[in-house]
Amino acid sequence: MKFEHQFIETDPGFDGWGAVVVADFDGDGRPEFATGGKGGGIYCLYDFDPERGEWDRSVISDAFSPNVGAAALDADGDGRLEIVCGEWGSRLLWFGQSNGGWDCRTVGDGLVDPHDVLSGDVNGDGRDEVIVREKDGRLVIYYPSSSELPWRRQVVASDLSGDGTCLASLALPSVVDIVTNMGWFENVNGDGTEWVRHPLIPEDLGWHPESRIAVADVDGDGQLEVVITESEIGQARLAILKAKDKNHAWRSRVLIDRDQDMRAFHTLQLVDLDGDGELEIFTAEMENGKTDGILAKPKWMALSRTPGDAWISEVVFDSNLGTHSAGVGDFDGDGKLDLVGKVWRANAVNGNGGRNHIDFLRQV
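Quantities reported herein were computed from a predicted structural model and do not represent experimental measurements.

> Explain the sheet that holds strand 10 (residues 114-120) here, please?
What the 4 strands build is an open sheet, ordered 10-11-12-13; its pairing is antiparallel. What marks the edges here is a single partner per strand, and that holds for strand 10 and strand 13 (152-160). Each strand of the sheet is rotated relative to its neighbour by a mean of 15 degrees, with strand direction disregarded. In the sheet, strand 10 pairs with strand 11 (residues 129-134) via 6 bridges, with the strands oriented antiparallel. From the neighbouring strand, Val-117 faces strand 11, where its bridge partner is Val-132.

> Which parts of the structure should I look at to understand unusual backbone geometry?
The phi angle of most residues is negative, glycine excepted, and most peptide bonds adopt the trans form. Along the chain, Leu-149 connects to Pro-150 via a cis peptide bond; the corresponding omega equals -10 degrees. Of note, Asn-99 is a non-glycine position whose phi angle comes to about 50 degrees, a positive value. Among the secondary structure elements, Asn-99 is positioned in the loop between strand 8 (92-98) and strand 9 (101-108). Not every positive phi belongs to a glycine, and Asp-113 is a case in point at roughly 55 degrees. By the secondary structure assignment, Asp-113 is in the loop between strand 9 and strand 10. Taking relative accessible area as the criterion, Asp-113 reaches 23% and is therefore assigned partly exposed.

What counts as what
Residues numbered from 1 in each chain as written. Predicted model: local features only at pLDDT ≥ 70, side-chain atom pairs only at ≥ 80, totals over all residues. Heavy atoms only, no water. Pairing = 2+ DSSP bridges. Helix = DSSP H or I, 4+ residues; strand = E, 2+ residues; numbered from the N terminus. Axes fitted to C-alpha atoms, helices over the stretch in contact; angles between N-to-C directions. Buried < 20%, exposed > 50% of the residue type's maximum accessible area, 1.4 Å probe, protein only.

Dropping the structure here:
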């Protein structure tokens with residue numbers, strides 16, 4: 001894998017860049033990505049033009065400060081994707097496309113640090129719901145409605161430490177369950193009416209509660225595995241978890257351990273980056289003081305499984321530019337997956353003169 005780096009932004013003027021979502025909002029067959037900063041409040045959509053080789057930016061909103069998570073879904077059924085994300089505050093916001101711009105509605109309120117935002121069909125009606133995880137707080141499902149505001153909500157859990165949330169069908173193939181760092185929640189009836197929590201991470205691992213988490217069959221055995229990172233600490237780890245049964249924590253295999261002194265893996269994607277038909281684990285280190293840009297310079301990397309079931313790590317980008325919740329997509333339409341990422345806050349020393357930045361790694 002070889003990637004060429006291009007800055008999308010070199011001094012955006014905001015801090016705390018969050019709410020990344022990658023999706024094809026304009027229907028041209030290539031994804032765009034959205035992200036924004038607090039420190040004043042702005043949310044932007046970035047679209048790559050393959051002919052010019054440059055990115056165009058449009059402002060979705062300049063009236064709120066985005067939190068970490070965001071999701072794309074067609075909540076109003078008009079055939080176009082919208083964005084739902086939390087703010088650096090208490091609201092859950094919906095942004096819908098309208099007359100070349102974006103409308104904003106407050107669809108939920110009373111949240112505390114809405115950190116993880118996902119979408120998936122948890123009740124089996126063919127339309128996506130929105131799942132919100134507060135950092136060190138509640139796990140909540142919102143049921144989109146075009147006529148009822150705020151959206152109806154259902155609290156699945158009231159007090160979960162840390163963060164790290166994803167959706168996967170762990171119990172039955174056609175039923176969406178919720179997977180968190182504090183256990184996975186089985187959608188017992190398949191319609192979201194009853195949730196039962198099962199253990200996941202072995203207690204003796206002492207895993208940090210702030211994490212990133214993803215689910216896929218990463219070893220080709222036909223069973224889903226959980227991949228999890230520690231997202232906010234130095235000497236961060238990355239592990240694969242394999243199921244035992246519903247009543248016991250899963251078996252763990254640590255691929256990156258503390259002695260490797262990697263930092264704050266706040267990026268985690270399970271994707272076939274090199275096109276060989278097998279999934280890689282894509283992760284990257286943060287800035288924000290987790291690395292310092294001097295003795296610890298952040299790297300972006302991909303972990304690949306070998307035929308002998310060993311895992312090897314390949315650094316795909318090493319220019320003293322960290323990232324936070326990086327995304328994956330074929331932004332230039334050439335059939336190869338590319339990477340986009342932004343920082344939460346920049347290190348005083350980095351590959352951009354200590355400034356904030358948004359990055360594009362184009363696979364060549």
